[in-house]
Amino acid sequence: GGVPPAIDLVLGATAGCLACFLTNPLEVVKTRLQLQGELQPPGTYPRPYRGVLRAAVAVCRADGLWGLQKGLAAGLLYQGLMNGVRFYCYSHAEDAGWTGYPGGTVAAGALAGAVGAIVGSPAYLVKTHLQAQTLSAMAVGHQHNHESISGAFKSIYQQHGVAGLWRGVTGAVPRVAVGSAVQLATFASAKDWVCERQWFSKGSWAAVLAGGMVSGVAVAVTMTPFDVISTRLYNQPVDADGTGKLYRGFLDCILQISSREGLLGLYKGIGAVYLRLGPHTVLSLFFWDKLRNM
């Protein structure tokens, strides 16, 4: 508390962008792993991407070293919009005293995350398309073949109108709502817990990092299935009227992945998800917390 919501909007956006710049390579790897073997039984498809490190090397070989920063501009736009709105809403909830009620932190985090996801959805859509694009020999998932971030927005708008820019938002809202609720709730609790036991002094960077690391584990475990679903819904090809050719919606995506790829299909790329979410959670919350104190 103690920071006006308008300032939290700027600080949240700044923190998210700083973290995104450092973790975007893992986001590229995560996207490729989650699209690999889409709707195919395990063991029946080629695997150009095997594990986080080998997948990163495969991306570099196919797209060059800069390939690990594919979709960075769209990612920065998404993080700025989503985290700015998310922290703005959460700060309002703090000022209103909602987080002081039992379960208030979780509810406020979920609601703030859902609003942020809706606002940032078009940027996440374009980010996913750009990060999936690669040479045909290494391609996984549908290839949209956009030439740039501006070209992607223009192409989607011309083909499907404003509604097309929010395609896949049904997967993004539960993804960010769950992730935000777990992240903000566990971060605050873990930071207070380590301070109460005098492991770290209150307000120290070590306490902030400890809270962020615990939060990163919790977020990765709870968020991965929603992350896989979100990636699939955003990247799937669509008909002229904007209807998905592979999935009819959120629930249909869950059922199809579970039946064709098994329940573990919902946890594809979990290693990359944690390696990306862990540092991203630590960095974004660390930057946010320190910027607020300043």
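Residues numbered from 1 in each chain as written. Predicted model: local features only at pLDDT ≥ 70, side-chain atom pairs only at ≥ 80, totals over all residues. Heavy atoms only, no water.

Draft legend 1. Up close: the overall build of the chain. Helices and strands together make up the secondary structure of the chain, namely nine helices and zero strands. Against the compact-globule benchmark of 19 Å for 294 residues, the chain has a radius of gyration of 19 Å, which places it among compact chains. C-alpha extents for the chain along the principal axes are approximately 55 × 40 × 35 Å. Put simply, the chain has 294 residues, and 53% of those count as buried. Sequence-distant contacts in the chain: of pairs separated by 6 or more residues, those separated by 24 or more amount to 79%. (Helix = DSSP H or I, 4+ residues; strand = E, 2+ residues; numbered from the N terminus. Rg over C-alpha atoms; globule rule 2.2 N^0.38 Å. Buried < 20%, exposed > 50% of the residue type's maximum accessible area, 1.4 Å probe, protein only. Contact = heavy atoms within 4.5 Å.)

Draft legend 2. Just a nonpolar patch on the surface, in detail. The grouping of Leu77, Leu81, Trp98, Tyr101, Leu111, Val115 and Val119 at the surface amounts to a nonpolar patch, some 650 Å² of accessible area in total. Put simply, the parts of the chain that give the nonpolar patch at least two residues each are helix H3 (72-96) and helix H4 (104-132). Element by element, the count of residues in the nonpolar patch is highest for H4, at three residues. Within the secondary structure, Val119 is located in helix H4. (Patch = residues over 30% accessible without salt bridge, like charges linked within 9 Å, V, L, I, M, F, W, Y side chains within 5 Å. Areas by Shrake-Rupley, 256 points an atom, 1.4 Å probe, with all protein chains shown as cover. Salt bridge = Lys/Arg side-chain N within 4 Å of Asp/Glu carboxyl O.)

Draft legend 3. Structural detail: the UniProt feature "repeat: Solcar" (unreviewed entry) in the chain. In this structure's numbering, the residues bearing the UniProt feature "repeat: Solcar" (unreviewed entry) are residues 3-96, 100-193 and 203-294. Across residues 3-96, the secondary structure splits into 73% helix and 0% strand, with the terminal C-alpha atoms separated by 13 Å. For the annotated span residues 100-193, helix accounts for 76% and strand for 0% of the residues, and the straight-line distance between the end C-alpha atoms is 16 Å. (UniProt positions renumbered as here; feature names shortened; annotations may be inferred.)

Draft legend 4. Highlighting helix H1 (residues 5-35). In a regular helix each residue adds 1.5 Å, so 31 residues correspond to 45 Å; H1 covers only 37 Å between its end C-alpha atoms and thus falls short of that length. The largest bend along H1 measures about 60° and falls at Thr23, with the proline Pro25 one to four residues further on. Backbone geometry just downstream of H1 places Gly37 in the positive-phi region, at approximately 70°. (Expected span 1.5 Å × (residues − 1). Bend = angle between axes of the 7 residues up to and from the residue.)

Draft legend 5. Local environment of the confidence of the model for the chain. Residue-level pLDDT values for the chain average 89, and 99% of them are 70 or greater. Element-level pLDDT for the chain is lowest in helix H9 (residues 270-293), with a mean of 78, against a maximum mean of 96 in helix H8 (residues 250-261). (pLDDT = per-residue confidence, 0-100.)

Draft legend 6. A look at the environment of Asp241. Structurally, Asp241 can be placed in the loop between helix H7 (205-235) and H8. For Asp241, a relative accessible area of 62% translates into the label exposed. A sequence separation of 167 residues divides Asp241 from Ala74, and the C-alpha atoms of the two residues are 25 Å apart. Side chain to side chain, Asp241 and Thr243 meet in a polar contact 3.1 Å long. (Polar contact = N/O pair within 3.5 Å; in protein donor to acceptor, adjacent residues only side chain to side chain.)

Draft legend 7. A look at the state of the cysteines. Taken as a whole, this structure holds zero disulfides when the rule is applied. Cysteine Cys17 remains unbridged, with the sulfur of Cys20 as its closest cysteine sulfur at 6.7 Å. On the basis of relative accessible area, Cys17 is assigned to the partly exposed category, the value being 25%. Cys89 takes part in no disulfide bond, and the closest cysteine sulfur to it belongs to Cys17, at a distance of 17 Å. Exposure remark for Cys89: the relative accessible area of 25% places this residue in the partly exposed category. (Disulfide = S-S within 2.5 Å.)

Draft legend 8. Quick look at the packing of H7 against H8. Running from N to C, H7 and H8 point in directions that differ by 105°, and their axes come no closer than 10 Å. One finds that H7 runs roughly perpendicular with respect to H8. Contacts between H7 and H8 involve Phe226, Val228, Ile229, Arg232 and Leu233 on the former and, on the latter, Phe250, Cys253, Ile254, Ile257 and Glu261. Each residue belonging to the contact of H7 with H8 can be placed in one class, and the counts come to eight nonpolar, no polar and two charged. (Axes fitted to C-alpha atoms, helices over the stretch in contact; angles between N-to-C directions. Parallel < 35°, antiparallel > 145°, perpendicular 65-115°, else oblique. Nonpolar A, V, L, I, M, F, W, Y, C, P; charged D, E, K, R; others polar.)

Draft legend 9. Summary view of the pattern of salt bridges. Under the criterion given, the structure shown has eleven salt bridges. Each of Glu27, Lys30, Lys127, Arg175, Asp227 and Arg276 takes part in a single network of salt bridges with overlapping partners.

Draft legend 10. Local environment of the packing of aromatic side chains. All chains considered together, the criterion is met by three aromatic pairs. Seen from their ring centres, Tyr78 and Tyr124 are 4.8 Å apart, and the 70° between their planes marks the pair as edge-to-face. Taken together, the residues span a long stretch of sequence, with Tyr78 in helix H3 and Tyr124 in helix H4 at a distance of 46 residues. For the pair Tyr78 and Tyr124, a shared accessibility class is recorded, and that class is buried. Ring centres of Tyr124 and Tyr234 lie 5.1 Å apart, and the angle between their planes is 40°; on these two criteria the pair is classed as tilted. (Phe/Tyr/Trp six-rings, centres within 6.5 Å; stacked < 30°, edge-to-face > 60°.)

Draft legend 11. Molecular detail of the packing of H4 against helix H5 (residues 149-165). It is at 11 Å that the axes of H4 and H5 come closest, and there the two elements cross at 125°. On the basis of the axis angle, H4 is oblique to H5. Considering only the axes of H4 and H5, their crossing is right-handed. Where H4 abuts H5, its residues Ser121, Pro122, Ala123, Leu125, Val126, His129 and Leu130 lie against Ile149, Ala152, Phe153, Ile156, Gly164 and Leu165. A breakdown of the residues in the contact of H4 with H5 according to their chemical character gives ten nonpolar, three polar and no charged. (Left-handed = near helix turned anticlockwise from the far one by under 90°.)

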